[in-house]
Amino acid sequence: MKLGYVILYVPEVAAAIGFYARAFGLQARFVHDSGTYGELDTGATVLAFAAEALADENGVEITATRPEARAPAMEVALVTDDVADAYARAVAAGATAQTPPARKPWGQTVAYVRDLNGFLVELCSPVRA
C-alpha cells in the first residue's frame, strides 16, 4: 500500500489549480475537460481537486470547506528549503496568513497559511534525520 492521492473537494477546480500555481509554484499535471477534476504536479504523491458535486456522484457526504469557517482537521504539507520565501509568496498571492515561519525543536522550520477555500497548508523545511 502507498499513498497515491490527496483529493480536496472545492467549489471551483480551475480556481484552486490557479491559486496553487500562483501561491506555491505548483503546475497542473492534469485537468479534465469537464472542469470537475484536476491534479497538480507535486512529486510522488498527487494533490488533486474535485468539484464538490462529485462527492454526491461518488456516494459520499462531505462538509464543504470555506475560508470563513474553521479549518478542517487536516493539512496539506508542502516541503521547501526556503519557508520564509514560500510563506511571503503565498500570502502575496492571496493565502491567509496563520502562523509565520518558526523553527521547531527538532530543527524543522514551519509556517501555516490557508488557501482560497480555507484548507490549511503547512509550509515546511525537510525533516533531517
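A quick note: this is a predicted structure, and the numbers were derived from the prediction, not measured. (Residues numbered from 1 in each chain as written. Predicted model: local features only at pLDDT ≥ 70, side-chain atom pairs only at ≥ 80, totals over all residues. Heavy atoms only, no water.)

(A) Structural view of the overall build of the chain. Broken down by element type, the chain carries three helices and eight strands. Listed N to C, the secondary structure of the chain is β-α-β-β-β-α-β-α-β-β-β in terms of helices and strands. Relative to the 2.2 N^0.38 estimate, which gives 14 Å for 129 residues, the radius of gyration of the chain is 15 Å and therefore close to what a compact globule would have. Projected onto its principal axes, the C-alpha positions of the chain cover 45 × 35 × 25 Å. Contacts spanning at least 24 positions in sequence make up 54% of the contacts within the chain whose residues lie at least 6 apart. Surface exposure of the chain reaches about 7,600 Å², of which carbon and sulfur atoms provide 53%. With 10 positive and 15 negative side-chain charges, the chain shows a separation of 9 Å between the mean positions of the two kinds. (Helix = DSSP H or I, 4+ residues; strand = E, 2+ residues; numbered from the N terminus. Rg over C-alpha atoms; globule rule 2.2 N^0.38 Å. Contact = heavy atoms within 4.5 Å. Areas by Shrake-Rupley, 256 points an atom, 1.4 Å probe, with all protein chains shown as cover. Lys, Arg positive; Asp, Glu negative; His and termini not counted. Charge placed at Lys NZ, Arg CZ, Asp CG, Glu CD.)

(B) Representation of helix H1 (residues 13-24). With 12 residues, H1 should reach 16 Å at 1.5 Å per residue; the first-to-last C-alpha distance of 16 Å fits that figure. Inspection of H1 places Val 13, Ala 16, Ile 17, Phe 19, Tyr 20, Ala 23 and Phe 24 among the buried residues, and these make up the whole buried set. In a view along the axis of H1, the buried residues occupy a sector of 165 degrees, so they form one face of it. Among the residues trailing H1, Gly 25 stands out with phi positive, at a value near 75 degrees. (Expected span 1.5 Å × (residues − 1). Buried < 20%, exposed > 50% of the residue type's maximum accessible area, 1.4 Å probe, protein only. Arc of directions from axis to C-beta.)

(C) Inspection of the nonpolar core at higher detail. Membership of the largest hydrophobic core comes to 26 residues, with the highest contact counts inside it found for Leu 8, Tyr 20, Phe 24, Phe 49, Val 113 and Leu 123. Counting residues per element, the ones that place at least two in this core are strand E1 (5-10), H1, strand E4 (46-51), strand E5 (75-79), helix H3 (83-92), strand E7 (109-114) and strand E8 (120-124). At seven residues, H1 tops the list of elements feeding residues into this core. Here Leu 123 is in contact with Phe 24, Leu 78, Val 83, Ala 86, Tyr 87, Ala 90, Thr 109, Val 110, Ala 111 and Val 113, once residues within four sequence places are set aside. (Core = buried A, V, L, I, M, F, W, Y, C linked by side-chain atoms within 4.5 Å.)

(D) Structural view of the sheet that holds E4. Read from one edge of the open sheet, four strands run E1-E4-E3-E2, paired in mixed fashion. Lying at the two open borders of the sheet, with one neighbouring strand each, are E1 and strand E2 (27-31). For this sheet, the mean angle separating the axes of adjacent strands, direction not counted, is 30 degrees. Of the pairings in the sheet, the one linking E1 to E4 comprises six bridges and is parallel in character. Bridging across to E4, Val 6 finds its partner in Leu 47. Against the sheet, H1 engages E1, E2, strand E3 (37-41) and E4, with an angle of about 150 degrees to E4. (Pairing = 2+ DSSP bridges. Axes fitted to C-alpha atoms, helices over the stretch in contact; angles between N-to-C directions.)

By themselves, these are just geometric observations and shouldn't be taken as functional.
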